[in-house]
Amino acid sequence: MKQMTIAKLVAVAAAGLLSQAAFADGGTVNFNGQIVDSPCSIDPSSQNITVPMGTVSRAVLNGAAGKKATPSKFQILLTNCGATAKGATVTFTGTTDANVTDDLAIANAGQVGVTAASGVAIELGDSAGTKIPVGSASGTYVLGLGNNPLNFQATYVSTGPAVTVGPANSTAQFVVTYL
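Below you will find a few notes about this structure.

**Let's talk about the overall build of the protein**
When helices and strands are tallied, the protein shows 2 helices and 8 strands. When the elements of the protein are put in sequence order from the N terminus, they spell out α-β-α-β-β-β-β-β-β-β. Here the protein, with 179 residues, has 30% of them falling under the buried criterion. For the protein, the share of sequence-separated contacts (at least 6 apart) that also reach a separation of at least 24 residues comes to 80%.

Okay, structure coming up:
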C-alpha cells in the first residue's frame, strides 16, 4: 500500500513538472493606438506611405530650373467619416530644398560612397497638379459620409541648370485638419 501511494505521488509530481515545462516560454504583446474626437480616421494603409518616384533620366530635368518629371500619384484615405466631416486640408512638412524653399529637399543616400542626386527637389501637389508648398495647407477637400480618398502627386523638379545623378529620396510628414 505504501509503495502504491509513493508511486502515485511520484506520478503526480512528474505530471506537474512536465506541465510547467510546457508553459516555460512567454513574451509580451504591446498594443499602441489612440482614441480621438475626430470627424474621420486615417486608414492604417495611409499612415506610412511609400511613393515610388521611378527612374528618371537626368536629361528630363537638366538644363534649366523648373523642369519637371512625370508625377507619381498617391492617396491618403480617410475612413469612417461622420456627419460632422465637411471638409479637410492636408499640410505636409519636411526638410525643404535650399534653392526652392517650398519643395522637399533630396536626402543624403545614407550609404557609404553613394552621393544623392543634386539640383533636384520634390514638388507636392493635389490631384490636379496644383502645387502644395511644404508647410502650407492644401486646398479644401470636401468630405462625405464614409470613406474619402484624398489624392495627391509628387514630382521631381529641377532647382537649377545642373542636375547630378544618384538616389533622389525624401521624407515628409502630414497633418489632416478638419473644417
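**Regarding the nonpolar core**
Core analysis: the biggest nonpolar cluster contains 30 residues, and Leu-78, Phe-92, Ile-122, Phe-152 and Tyr-156 have the highest contact counts within it. Among the elements of the structure, strand S2 (72-81), strand S3 (87-93), strand S5 (120-126) and strand S7 (146-158) are those that each provide at least two residues to this core. Contacts of Tyr-156, omitting those with residues within four sequence positions, involve Met-53, Gly-54, Val-56, Leu-61, Lys-67, Lys-68, Ala-69, Ile-106, Val-120, Ala-121, Ile-122 and Ala-168.

**Some words on the sheet that holds strand S6 (residues 141-142)**
What links the strands of a sheet is backbone hydrogen bonding, and the strands pair in either a parallel or an antiparallel sense. Taken in spatial order, the 3 strands make up an open sheet running S6-S3-S8, and their pairing is antiparallel. Taken across any chain shown, the strands that pair with only one partner, and hence form the sheet edges, are S6 and strand S8 (173-178).

**Things to note about the pairing of S7**
Side-chain positions along a regular strand alternate between the two faces of the sheet. Pairing of S2 with S7, which is carried by 8 bridges, proceeds in the antiparallel orientation. By the bridge assignment, Gln-75 is partnered in S7 with Asn-151. Taken together, the 7 bridges between S5 and S7 define a ladder with antiparallel strand orientation. Bridge assignment links Leu-124 to a residue of S7, and that residue is Ala-154.

**Focus: the pairing of S5**
Within S5, 7 of the 7 residues are buried, which leaves it mostly tucked inside the rest of the structure. Side chains Val-120, Ile-122, Leu-124 and Asp-126 of S5 all project onto a buried face; the interleaved residues Ala-121, Glu-123 and Gly-125 project onto the opposite face, where all are buried too.

**Focus on the sheet that holds strand S1 (residues 41-42)**
One open sheet holds the 5 strands; their spatial order is S1-S2-S7-S5-S4, and the pairing between them is antiparallel. Where the open sheet ends on each side, the last strands, each with one partner, are S1 and strand S4 (104-105). Where S4 meets S5, 2 bridges bridge the pair, whose relative direction is antiparallel. Paired with Leu-104 across the bridge in S5 is Ile-122.

**Some points on the packing of aromatic side chains**
Per the stated rule, a full pass over the model turns up 5 aromatic pairs. With 5.3 Å between their ring centres and 90 degrees between their planes, Phe-92 and Phe-152 make a pair best called edge-to-face. Placement of the pair is Phe-92 in strand S3 and Phe-152 in strand S7, with a sequence separation of 60 residues. Pair check on accessibility: Phe-92 and Phe-152 agree, each one buried.

How each quantity is defined
- Residues numbered from 1 in each chain as written.
- Predicted model: local features only at pLDDT ≥ 70, side-chain atom pairs only at ≥ 80, totals over all residues.
- Heavy atoms only, no water.
- Helix = DSSP H or I, 4+ residues; strand = E, 2+ residues; numbered from the N terminus.
- Buried < 20%, exposed > 50% of the residue type's maximum accessible area, 1.4 Å probe, protein only.
- Contact = heavy atoms within 4.5 Å.
- Core = buried A, V, L, I, M, F, W, Y, C linked by side-chain atoms within 4.5 Å.
- Pairing = 2+ DSSP bridges.
- Phe/Tyr/Trp six-rings, centres within 6.5 Å; stacked < 30°, edge-to-face > 60°.

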